Amino acid sequence: MSLNPQLLVTALESIAPTKYSTVASLALLVYDHAITFDAEVMNVWNRPHSFGKILFIWTRYFGLSSLILAVTMFFHGSLSSKVCSGFFWWEAISIIVLNVSVEVILLARVYAVYNSNKKIIYGVAGVRLVALVGTGIIWARYLPPGLGLPPIDGLTGCYAPTASRLFGFSFVQSSLTEIVLCFCMLYKAWITYKSNYSSPLLKLLIEDSVIYFSSIFGVLLTNSLVFFIAPRGLVLIALGWEYAIPCTMGSRLLLSMFEQAFRQQTLTGQSRPGYLLSDIRTQGLSASASHVEPPGVLTMCVEDGD
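Note that the coordinates shown come from a computational prediction; the quantities given were computed from them, not determined experimentally. (Residues numbered from 1 in each chain as written. Predicted model: local features only at pLDDT ≥ 70, side-chain atom pairs only at ≥ 80, totals over all residues. Heavy atoms only, no water.)

I would appreciate a short explanation of the overall build of the protein in the present structure.
Broken down by element type, the protein carries nine helices and two strands. Order of helices (α) and strands (β) in the protein, N terminus to C terminus: α-α-α-α-β-β-α-α-α-α-α. Within the span of the protein, comprising 306 residues, buried residues form 51% of the whole. Put simply, 81% of the contacts in the protein that link residues at least 6 apart link residues at least 24 apart. (Helix = DSSP H or I, 4+ residues; strand = E, 2+ residues; numbered from the N terminus. Buried < 20%, exposed > 50% of the residue type's maximum accessible area, 1.4 Å probe, protein only. Contact = heavy atoms within 4.5 Å.)

Shown next as structure tokens:
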């Protein structure tokens, strides 16, 4: 993209707030990593490989490395517009990958509290597929071209002063899956309340999941509104939080599952903490449950490898 005075003015107006917001999101993520690192070492690193361990490491460190790259790009000087456009494509794809990775954690929880109902898997997967197709169409048409700033003091990084307002619909598409998953959890909470059944573990799962849904949906809504109504120079101001919040919430949800498994293992002396799924599915879901189901998704998340 060629640089003209009007684009330069727009970029200048967005330099400071965009940089501050992105650095703040990285600071939150690094802080969260620091205060939970001891729990990570105890409950994750000291266990053999499992699906949950791999998912935790991927979610936690893919988000962190992607956000570090974003901060680096905003403070790097003399970047060409071609490089900036490529970075915007990477940023869009990596945010979707991170969100889908975290949705796997939530889907495992929803799948468990609905007693391994495969219709839940198919329904959510269908919604996510539709959202991905819609997002891809929006990207192809409206992904903002990058603007590389000239090597002048204070002008560093990549910006998108000509971004289309319609790109905000990509965040609306991504929120569809979150809404469906949240509705599933709230519906289960309502059914449990109506049946006067109490399960501390089920209650914890629902509360954690609703907090997560609210956080992710809030970030998606914020980015949508930024693209729709904020000055064009500020359209990237909240993108850093699309890494920080899903990464923080997703890793904490998995870490909570590992901690519960470790706590139960310590109390009972079990060598394989696969109790979680059977407890949720046979005790927390239905007062009439009288049999133990074979281990499934949540067991894979917490169970040690052979």
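Just to check I follow, could you spell out the side chain of Ser174 for this structure?
Take Ser174: it is sitting in helix α5 (residues 169-194). Of note is the side chain of Ser174, whose polar atom sits 3.2 Å from the backbone oxygen of Ser170. (Polar contact = N/O pair within 3.5 Å; in protein donor to acceptor, adjacent residues only side chain to side chain.)

Help me out: how do you make sense of a nonpolar patch on the surface in this one?
On the surface, a cluster of nonpolar side chains totalling about 520 Å² of accessible area is made up of Leu176, Ile179, Phe217, Leu221, Leu225 and Ile229. Only α5 and α6 (200-229) provide two or more residues apiece to the nonpolar patch. Among the secondary structure elements, Ile229 is positioned in helix α6. Of the residues examined, Ile229 reaches a relative accessible area of 65% and is grouped as exposed. (Patch = residues over 30% accessible without salt bridge, like charges linked within 9 Å, V, L, I, M, F, W, Y side chains within 5 Å. Areas by Shrake-Rupley, 256 points an atom, 1.4 Å probe, with all protein chains shown as cover. Salt bridge = Lys/Arg side-chain N within 4 Å of Asp/Glu carboxyl O.)

Explanation requested: the environment of Ile95 in the structure shown.
Among the structural elements, Ile95 can be located in helix α3 (residues 81-113). Once residues within four sequence positions are removed from consideration, Ile95 is found in contact with Leu239, Glu242 and Tyr243.

Even after reading the chapter, I still don't get the pattern of salt bridges, so can you show me in this structure?
Opposite charge on two side chains allows them to pair when their charged atoms are near. Summed over the entire model, instances satisfying the criterion amount to three salt bridges. Taking the shortest distance from any N to any O, the salt bridge between Arg252 and Asp32 comes out at 2.6 Å. A residue pair is termed long-range when its members are at least 10 positions apart, and Arg252 in helix α7 (residues 241-268) and Asp32 in helix α1 (residues 5-45) qualify at 220 residues. Given the relative accessible area of 3%, Asp32 is considered buried. Between Arg128 and Glu103 there is a salt bridge whose closest N-O contact spans 2.6 Å. Here Arg128, found in helix α4 (residues 118-142), pairs with Glu103, found in helix α3; they are 25 residues apart in sequence, far enough to count as distant. Just as Arg128 is buried, Glu103 falls in that class too.

Got a minute to help me understand α3 in this structure?
Look at α3: 48 Å from first C-alpha to last across 33 residues, which is about the 48 Å you get at 1.5 Å a residue. Within two residues after α3, Asn115 carries a phi angle of roughly 60°, on the positive side. (Expected span 1.5 Å × (residues − 1).)

Explain the nonpolar core here, please?
Within soluble globular proteins, side chains that are nonpolar tend to cluster in buried spots. Leu106 and Tyr212 are the most contacted members of the largest nonpolar core, which has 65 residues in total. Of all the secondary-structure elements, those providing two or more residues to this core are α1, α2 (51-75), α3, α4, β2 (158-159), α5, α6 and α7. Per-element tally for this core: the top contributor is α3, with 13 residues. With near-sequence residues (within four places) excluded, Leu106 lies in contact with Leu181, Ser209, Tyr212, Phe213 and Leu253. (Core = buried A, V, L, I, M, F, W, Y, C linked by side-chain atoms within 4.5 Å.)

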